[in-house]
Structures are given as structure tokens and as C-alpha cells.
Amino acid sequence: MIAIVWRFTSTSGAQAAFEDAYGSDGAWAKLFRTAPGYVRTDLLRRFDGSYLTIDYWRSLSDWDAFSRGQSEAYAALDAACEALTASEEQIGVFEVVEPR
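Residues numbered from 1 in each chain as written. Predicted model: local features only at pLDDT ≥ 70, side-chain atom pairs only at ≥ 80, totals over all residues. Heavy atoms only, no water.

A. Spatial organisation of the side chain of Asp55. Inspection of the secondary structure assignment puts Asp55 in strand β3 (residues 50–57). No salt bridge is formed by the buried Asp55, whose closest oppositely charged neighbour, Arg40, lies at an N-O distance of 9.3 Å. A polar contact is formed between the side chain of Asp55 and the side chain of Thr41, at a distance of 2.7 Å. Apart from the residues within four sequence positions on either side, Asp55 is in contact with Ile2, Ala3, Ile4, Trp6, Phe32, Arg40 and Thr41. (Helix = DSSP H or I, 4+ residues; strand = E, 2+ residues; numbered from the N terminus. Buried < 20%, exposed > 50% of the residue type's maximum accessible area, 1.4 Å probe, protein only. Lys, Arg positive; Asp, Glu negative; His and termini not counted. Salt bridge = Lys/Arg side-chain N within 4 Å of Asp/Glu carboxyl O. Polar contact = N/O pair within 3.5 Å; in protein donor to acceptor, adjacent residues only side chain to side chain. Contact = heavy atoms within 4.5 Å.)

Okay, here's the thing in C-alpha cells:
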């Protein structure tokens, strides 16, 4: 399994709308659910008001297939959510280490 981690700062006054769009049942998770291999999304809020999203996929190839097949839908949703974010940064793609 992989985890894709992003850091965000929401636009002032848009925190509730940001949480609705980026949360585990938000617009991004709904788009991801259209693809095989999507597992879940976690939204974390720091005490300073910044956020992390963690999107879990069964494999990197599942994520890559989604990225190729849904690039237009991804770009459209990204544009629609642009007003909700003051900053965003992809932290990275990580392999989830399972207990031995």
C-alpha cells in the first residue's frame, strides 16, 4: 500500500468548505473512489490551522492508472478547489510499512 501526503493551508474563512472538500467523504475522496485500488483519505488539522491529507492506494500502479485515466477530472476538481487553498505542497509518496 502507498500513502500520498499533501500539506495545505486553507484560505482564510474557507476552513469549513476546505474540510468538506478534502475530508474522507469529500469531493476528492469521491473522485478517487471511482478508481480501482483507492483505499481511503485521512484529513489531519494541526493546531496552527494547517492541514495534511493522506490518500491511501493499494499500489503505486493503481495511483498511476487513476492519474492517467482521470487527469481531466482531477484538473477540473483542482481548479474548482483552488479558492479554498492558500498554499499546497506534495510532501511525497510513501510505502506503508506493515507490521511483521
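B. How the structure looks around the packing of aromatic side chains. Taken as a whole and assessed by the stated rule, the structure comprises 17 aromatic pairs. Where Phe32 meets Tyr38, the ring centres are 5.6 Å apart and the plane angle is 50 degrees; that geometry is what we call tilted. In this structure, Phe32 and Tyr38 share a single accessibility class: buried. Three or more aromatic residues link up through ring pairs in this structure, and these residues are Trp6, Phe8, Phe18, Tyr22, Trp28, Phe32, Tyr38, Tyr51, Trp57, Trp63, Phe66 and Tyr74. Its guanidinium or amino end placed over the ring of Tyr56, Arg40 lies 4.0 Å from that ring's centre, counting from NZ or CZ. (Phe/Tyr/Trp six-rings, centres within 6.5 Å; stacked < 30°, edge-to-face > 60°. Lys NZ or Arg CZ within 6 Å of the ring centre and 35° of its normal.)

C. The pattern of salt bridges, seen in detail. For the structure on display, the rule yields six salt bridges. Taking the shortest distance from any N to any O, the salt bridge between Asp25 and Arg33 comes out at 3.2 Å. Taking the relative accessible area as the measure of exposure, Asp25 reaches 51% and is therefore exposed.

D. The arrangement of helix α3 (residues 60–69) in detail. Buried residues of α3: Asp62, Trp63 and Phe66, and no others. Buried residues of α3 fall within an arc of 100 degrees about the axis and therefore sit on the same side. Along its buried surface, α3 packs onto β1 (2–10), α2 (27–32), β3 and α4 (71–81). (Arc of directions from axis to C-beta.)

E. Representation of the environment of Thr9. By the secondary structure assignment, Thr9 is in strand β1. Linking Thr9 and Leu31, residues 22 residues apart in sequence, is a C-alpha distance of 21 Å. Aside from chain neighbours lying at most four places away, what touches Thr9 is Ser50, Leu84, Thr85, Ala86 and Ser87.

Taken by themselves, the reported measurements are silent on function.
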